[in-house]
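This is what each chain is made of:
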Amino acid sequence: MAVAAAGVLVAAGAITYAVAEDDGSGTVPAADSADAGFARDMAVHHQQAVEMSYIVRDRTDDEEVRRLAYDIAQTQANQRGMLLGWLDLWGLPKVSADAPMTWMGMGDMPSGKDGALMPGMATNTELKKLDTLSGKQAEVFYLQLMTDHHKGGVHMAEGCVDRCTVGVEKRLAQGMVDAQKSEIGLMTDLLKERGAEPRS
């Protein structure tokens, strides 16, 4: 089992390396490039989505919401690993002294309050509130928070599609746009079924 697991990890690393070099140029993005900025910022953005999704799985027995939360957590955790892996392969830092979203020309936006560092991110207060709710209340608040989160994520991913230069990263970003827009529609329907609607 351990040997098999190690083999999978080695294969995944080889695939990630090959994919990161797939544009054939052999050039590494600069630390202040859109490629690096998106990888850093989206890794942070995704981490909060994973956190919110695991919170709601513990706060409700509704199978539809639990399944959605699990899918979001798994997808975004995997994508986050790819983004951080590319930064490692490029020899670039995972943190930057620049403000979030600088790579999109938004570095001068007001600094995020209460932990909401980028568009769509929930505040620390909202995360704590989610952890106190249960049942339908938890479902509605999670779906509202995640809808906002996805809208912010789509905006960032569209920025990478426009500005990033590494082919595989642009494709990943476009995949995020398509998937998260689809999930926004699903979450709007789930909110409607619960007599609620998105916050914005």
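These lines cover the structure that appears in this document, whether it is placed above or below. The residue numbers shown here count from 1 along each chain, following its written sequence. Where totals are concerned, whole chains, interfaces and linings use all residues; where local detail is concerned, this predicted model gives features only for residues with pLDDT of at least 70, and gives and counts side-chain atom pairs only at 80 or more. Computation of side-chain values covers all heavy atoms of the structure but excludes hydrogens and water.

**Side note on unusual backbone geometry**
Then comes step 1: Unusually for a residue other than glycine, Met-101 sits at a positive phi of about 75°.
Then comes step 2: Turning to its location among the elements, Met-101 is positioned in the loop between α3 (63-90) and α4 (124-130).
Then comes step 3: The phi torsion at Asp-114 lies on the positive side, around 55°, for a residue other than glycine.
Then comes step 4: We count a stretch as a helix when DSSP gives it H or I for four or more residues in a row; a strand needs E for two or more, and each element gets its number in order from the N terminus. In this structure, Asp-114 sits in the loop between α3 and α4.

**Observations concerning the packing of aromatic side chains**
Then comes step 1: Any Phe, Tyr or Trp ring, taking Trp's six-membered ring, that has another such ring centre within 6.5 Å forms a pair; planes under 30 degrees apart are called stacked, those over 60 apart edge-to-face, and the others tilted. Here the structure, examined in full by the defined rule, presents two aromatic pairs.
Then comes step 2: Their ring planes at 75° and their centres at 5.7 Å tell us that Phe-38 and Trp-103 sit as a pair that is edge-to-face. Pair noted here: Phe-38 is in helix α2 (residues 34-57) and Trp-103 is in the loop between α3 and α4, with a separation of 65 residues, a long-range link. The exposure classification of Phe-38 matches that of Trp-103, with both residues buried.
Then comes step 3: Sitting over the face of the ring of Phe-141, Lys-129 holds its NZ or CZ atom 4.5 Å from the ring centroid. Three exposure classes are used, based on accessible area relative to the maximum for each residue type with a 1.4 Å probe and protein chains only: buried under 20%, partly exposed in between, and exposed over 50%. Two conditions define a charge sitting above a ring: the NZ of Lys or the CZ of Arg must be within 6 Å of the ring centre, and it must be within 35 degrees of the ring normal.

**A few points about the packing of helix α5 (residues 135-163) against helix α6 (residues 167-193)**
Then comes step 1: Contact geometry of α5 with α6 gives a least axis separation of 8 Å together with a crossing angle of 155°. When the axes of α5 and α6 are compared, the pair comes out roughly antiparallel. Here α5 runs over α6; the crossing is left-handed.
Then comes step 2: Partitioning the contact of α5 with α6 into residue classes produces 14 nonpolar, six polar and seven charged. Axis definition: a line fit to C-alpha positions, over the contact stretch in the case of helices; interaxial angles, taken between N-to-C directions, run 0 to 180 degrees. Between 65 and 115 degrees an angle is taken as roughly perpendicular, under 35 as roughly parallel, over 145 as roughly antiparallel, and anywhere else as oblique. Note on convention: the crossing is left-handed when the near helix lies turned anticlockwise from the far helix by less than a right angle, right-handed when the turn is clockwise. Three classes are used, and their members are as follows: Ala, Val, Leu, Ile, Met, Phe, Trp, Tyr, Cys and Pro are nonpolar, Asp, Glu, Lys and Arg are charged, and the others, Gly among them, are polar.

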